[in-house]
Amino acid sequence: MEEVIALVLAAGKGTRMKSEKPKVVHEVLYKPMINHVVDELKALGVDEIIVVVGHEAKQVEDIVDGVTFVYQDQQLGTGHAVLQAKDVLADKEGMTLVLCGDAPLVRKETLKELINYHQENQNKATLMSADCDTSTHYGRVIKIDGQVKGIVEYKDLQDSQKDITEMNTSEYCFDNQALFAALAKVTNDNAQKEYYLTDVIGIMNEDNLKVDAYKIDDFNEVGGINDRVALAEATQILRDRINKEHLLNGVNIIDPQNTYIGRDVVIGIDTTIEPGCIIKGNTVIGNNCHIGPYCEFTNMEIKDNVEIKFSVLSDSIIECGVDIGPYSRLRTNCHIKENAHLGNFVEMKKAIFGKGSKASHLTYVGDAEVGEDVNFGCGTITSNYDGKNKSLTKIEDNVFIGCNTNLVAPVTVRRNAYIAAGSTITKEVEEDALAIARARQVNKEGYSKILKEIREQEYAKRNKKK
Ligand code: UD1
Ligand code: CA
């Protein structure tokens, strides 16, 4: 196949967003618009991806990898934006796929269809179109006897053209040489005084080059996002699309309208997702899990038969049969091994938590390596931070930790040790030992009564003075 280069336009400010951030950085379903487009192009497998940046370019560059950036210093229109890639592209033979960074819902399958249509018909330009409502402000495709003659921007439409419903999606396939030859002829003689990429279609048509439209059925896949109303709608459209795919693949989603699953998330069969869950990033969930209600997961790897409710988890691995929540928090590189249990109000960070171990209530485990079948009593805390450095707590297999224990790191507790409740452990506890690290209890006989009498006398004295 001939070389395919993708050019993504992302230099605009996006004035209608009313934002300090460039438009393409705004997120649809927890992923910036530009990343939706670039990731889909990577999945499609094009030879090179070029992104045109300009307004707040650095903010875009910081979040996009594996592409070539070109710069448009002044945003003089979409045609002018494409021209900025001239140095990189103009000598190349082959096909250029032009996409907009503000149309994040396009699917690689549709792009593939566009490319195939373009090649099969040996077109010099193929624009993707869709039917839209006459009230929308997209550019319209002008056809005479079914033949594409050009594109007219909404603001430039004549009254007689206002009932045209075929819109320009601003996704195109061009013969690269023909594109740059036509761009050289584009002027800014229009309502917005911009160099429109859309004019290229009319110019090629006049030059007797074969231009055509590939019309798709689903407008929702290609509508450009220009304001926050469209942004919110895009999130709903994508949410519904993704949830439907999961449902058809065997995932049980109780309330699809109250479940937000990111585009890159993978979920196994017979897993149930309860209402109120947000599952994002590169999260992978196995089979037969029960997730929710009300969980937020980011970049999690969760194996089979796991149960998690009301919890916020990120960047961690959970092995089979683990049971978590309600109200647990995991962050940064935790590894929870098979059949472990984390209960109410348990937080972990950079912790390995061994097979079958339990922290059932009110526990913080940070910078720790915990072995198998360890029991953390309620209120146990690893004191991992001395104000300057973070230190490691090591707990070997079968340790029993009594309630309200402080483990002052760095510290190690050896196999089968037992720690008395309320202890503050600062030294290594040997294998099979019992550690008690708290003040010894003293009972003073009858002293409760005496204490009461002393208090009453003091109270009487004070009242007399007044
Ligand atoms: C564009 C099309 C319109 C189409 C619509 C579909 C033109 C002139 N119009 O209109 O026919 O129906 O998309 O959504 O092409 N950009 C730059 N540099 C610029 C201007 C824009 O990089 O100087 C980028 C923007 O960042 C954006 C994309 O190009 O990602 C589209 O620009 P936008 O201003 O949103 O064009 P529309 O008015 O929506
Ligand atoms: Ca747009």
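For every chain, the first residue of the written sequence is number 1, and numbering continues from 1 onward in sequence order. Numbering of ligands from 1 and lettering of chains from A proceed in the order in which they are written. Where totals are concerned, whole chains, interfaces and linings use all residues; where local detail is concerned, this predicted model gives features only for residues with pLDDT of at least 70, and gives and counts side-chain atom pairs only at 80 or more. Remark: hydrogens and water are excluded; side-chain values derive from all non-hydrogen atoms of the structure.

## Regarding the overall build of the chain
Next up, step 1: Secondary structure assignment for the chain yields nine helices and 37 strands.
Next up, step 2: Atoms counted for the radius of gyration: C-alpha only. Globule rule: 2.2 Å times residue count to the power 0.38. Its C-alpha atoms give the chain a radius of gyration of 32 Å, more than 25% over the compact-globule value 23 Å for 466 residues.
Next up, step 3: If one aligns the C-alpha atoms of the chain with their principal axes, the spans along those axes are about 110 × 65 × 40 Å.
Next up, step 4: Relative to its 466 residues, the chain shows a buried fraction of 48%.
Next up, step 5: Any two residues whose heavy atoms approach within 4.5 Å are treated as being in contact. In the chain, of all internal contacts separated by at least 6 residues, the share reaching a separation of at least 24 is 41%.
Next up, step 6: Just so you have it, the chain exposes about 23200 Å², and 46% of that area is on carbon and sulfur atoms.
Next up, step 7: A distance of 12 Å separates the average location of the 55 positive side-chain charges in the chain from that of its 71 negative side-chain charges. Secondary structure follows DSSP: runs of H or I at least 4 residues long count as helices, runs of E at least 2 residues long count as strands, and numbering of each begins at the N terminus. The buried label applies to any residue whose accessible area, calculated with a 1.4 Å probe on protein chains only, is under 20% of its type's maximum; exposed applies above 50%, and partly exposed to all values in between. Throughout, the Shrake-Rupley method with a 1.4 Å probe supplies accessible areas, and for residues the shown protein chains are the sole cover considered. Positive charges come from Lys and Arg alone, negative charges from Asp and Glu alone, with His and the N- and C-terminal ends not counted. The location of each charge is read from NZ of Lys, CZ of Arg, CG of Asp or CD of Glu.

## Quick word on the coordination of the calcium ion (ligand 2)
Note on metal sites: the ideal angle is 109.5 degrees for four tetrahedral donors, and 90 or 180 degrees for six octahedral donors.
Next up, step 1: Protein coordination at the calcium ion (ligand 2) comes from Asp102 (OD) and Asn226 (OD1), with a distance range of 2.3 to 2.5 Å. Of this pair, aspartate 102 sits in the loop between β6 (95-100) and α5 (108-120) while asparagine 226 is found in the loop between β11 (211-216) and α8 (228-248), placing the two residues 124 residues apart along the sequence.
Next up, step 2: For aspartate 102, a relative accessible area of 14% gives the class buried. For Na, K and Ca the donor cutoff is 3.2 Å, while for all other metals N, O and S atoms count as donors only within 2.8 Å; water does not appear among the atoms, so some sites may look incomplete.

## A few points about unusual backbone geometry
Next up, step 1: Of note, the amide linkage connecting glycine 325 to proline 326 takes the cis form, showing an omega dihedral of 0°.
Next up, step 2: Looking at the element boundaries, proline 326 is found in the loop between β24 (323-324) and β25 (328-331).
Next up, step 3: In this structure, proline 410 follows alanine 409 across a cis peptide bond, with omega equal to 0°.
Next up, step 4: With respect to the secondary-structure elements, proline 410 resides in the loop between β33 (406-408) and β34 (411-413).
Next up, step 5: Of note, aspartate 145 is a non-glycine position whose phi angle comes to about 50°, a positive value.
Next up, step 6: Its location among the elements puts aspartate 145 in the loop between β8 (140-144) and β9 (147-152).
Next up, step 7: Residue lysine 193 is not a glycine yet carries a positive backbone phi of 50°.

## Points about a positive patch on the surface
Next up, step 1: For patch detection, residues must exceed 30% relative accessible area and be free of salt bridges, and they are connected within 9 Å for like charges or within 5 Å for nonpolar side chains (Val, Leu, Ile, Met, Phe, Trp, Tyr). Should a side-chain nitrogen of Lys or Arg be within 4 Å of a carboxyl oxygen of Asp or Glu, the pair is scored as a salt bridge. Together, Lys461, Arg462, Lys465 and Lys466 make up a region of like positive charge exposed at the surface.
Next up, step 2: Positionally, lysine 461 belongs in helix α9 (residues 447-465).
Next up, step 3: A relative accessible area of 59% means that lysine 461 is categorised as exposed.

## Considerations on the site of ligand 1
Next up, step 1: One heavy atom within 4 Å of a molecule or strand is enough for the residue carrying it to be called near that molecule or strand. Near ligand 1 lie 25 residues; those nearest to it are Gln72, Gly77, Thr78, Glu153 and Asn168.
Next up, step 2: Between ligand 1 and glycine 77 there is a distance of 2.8 Å, counted from an oxygen atom to a backbone nitrogen or oxygen.
Next up, step 3: Its free accessible area being 750 Å², ligand 1 has 91% of it covered by the protein chains.
Next up, step 4: At the level of secondary structure, the elements contributing two or more residues to the shell around ligand 1 comprise β1 (4-10), α3 (78-83) and β10 (166-175).
Next up, step 5: The greatest single-element share of the shell around ligand 1, amounting to three residues, is contributed by β10.
Next up, step 6: Side-chain classes follow a simple rule in which Ala, Val, Leu, Ile, Met, Phe, Trp, Tyr, Cys and Pro form the nonpolar group, Asp, Glu, Lys and Arg form the charged group, and the remainder, Gly included, forms the polar group. Tallied by class, residues from the shell around ligand 1 come to eight nonpolar, 13 polar and four charged. Residues adjacent in sequence count toward polar contacts only when both atoms are side-chain atoms; beyond that, a polar contact is any pair of N or O atoms within 3.5 Å, and within protein one must be able to donate a hydrogen and the other to accept it.

## Examining the pattern of salt bridges
Next up, step 1: Counted under the stated rule, the structure contains 22 salt bridges.
Next up, step 2: Taking the shortest distance from any N to any O, the salt bridge between aspartate 131 and lysine 215 comes out at 2.9 Å. Of this pair, aspartate 131 sits in strand β7 (residues 125-131) while lysine 215 sits in strand β11; the two residues are 84 residues apart in sequence, bridging distant segments of the chain.
Next up, step 3: In this structure, the salt-bridge partner of lysine 303 is glutamate 301, at a minimum N-O distance of 3.6 Å.
Next up, step 4: Lysine 303 gets classed as partly exposed once you look at its relative accessible area, which sits at 28%.
Next up, step 5: Classification of glutamate 301 as partly exposed rests on a relative accessible area of 35%.
Next up, step 6: Each of Arg107, Lys108, Glu109 and Glu221 takes part in one network of salt bridges that share partners.

## Details of α9
Next up, step 1: One less than the residue count of a helix, multiplied by 1.5 Å, gives the span that helix is expected to have. Across its 19 residues, α9 extends 28 Å between first and last C-alpha, which sits within 8% of the 27 Å expected from 1.5 Å per residue.
Next up, step 2: Among the 19 residues of α9, zero are classified as buried, and the element is accordingly described as predominantly exposed.

## Focus on the packing of aromatic side chains
Next up, step 1: The rule is short: rings of Phe, Tyr and Trp, with Trp giving its six-membered ring, pair when the centres are within 6.5 Å, and they are stacked under 30 degrees, edge-to-face over 60, tilted in between. The tally for this structure, following the rule as stated, stands at eight aromatic pairs.
Next up, step 2: Aromatic side chains phenylalanine 353 and phenylalanine 376 sit 5.6 Å apart centroid to centroid with 50° between the ring planes, which places their arrangement in the tilted category. Residue phenylalanine 353 is located in strand β27 (residues 341-353), and its partner phenylalanine 376 is located in strand β29 (residues 375-376); the two are separated by 23 residues in the primary sequence. The burial state of phenylalanine 353 is the same as that of phenylalanine 376; both residues are buried.
Next up, step 3: Within the aromatic cluster, the residues linked to one another by ring pairs are Tyr294, Phe310, Tyr327 and Phe345.
Next up, step 4: By definition here, charges over rings are those cases where NZ of Lys or CZ of Arg is within 6 Å of the ring centre and within 35 degrees of the ring normal. The cationic tip of lysine 390 hangs over the ring face of tyrosine 385; the distance from NZ or CZ to the ring centre is 5.1 Å.
Next up, step 5: Seen from the ring of tyrosine 447, lysine 444 lies directly overhead, with NZ or CZ sitting 5.9 Å from the centre.

## What to know about a nonpolar patch on the surface
Next up, step 1: A grouping of Phe400, Tyr418, Leu434 and Ile436 is seen on the molecular surface, where their side chains present a nonpolar patch of about 410 Å² in accessible area.
Next up, step 2: On the secondary structure map, phenylalanine 400 appears in strand β32 (residues 400-401).

## Overview of the side chain of lysine 349
Next up, step 1: Tracing the backbone through its elements, the reader meets lysine 349 in strand β27.
Next up, step 2: In this structure lysine 349 comes out as buried when scored by relative accessible area, which is 8%.

## Digging into the nonpolar core
Next up, step 1: Throughout, nonpolar core names a set of buried Ala, Val, Leu, Ile, Met, Phe, Trp, Tyr and Cys residues whose side chains join them through atoms within 4.5 Å. Of all hydrophobic cores here, the largest spans 58 residues; its most connected members are Phe297, Ile308, Ile318, Ile336 and Met348.
Next up, step 2: When contributions to this core are tallied by element, the ones reaching two or more residues are α8, β16 (277-280), β27, β28 (358-370) and β34.
Next up, step 3: Once residues lying within four places of it in the same chain are set aside, the contact partners of isoleucine 318 are Met300, Glu301, Ile302, Lys303, Val306, Ile308, Leu313, Ile324, Leu330 and Ile336.
Next up, step 4: In this structure, Leu97, Leu99, Leu114 and Ile216 belong to the second largest nonpolar core, which totals 36 residues.

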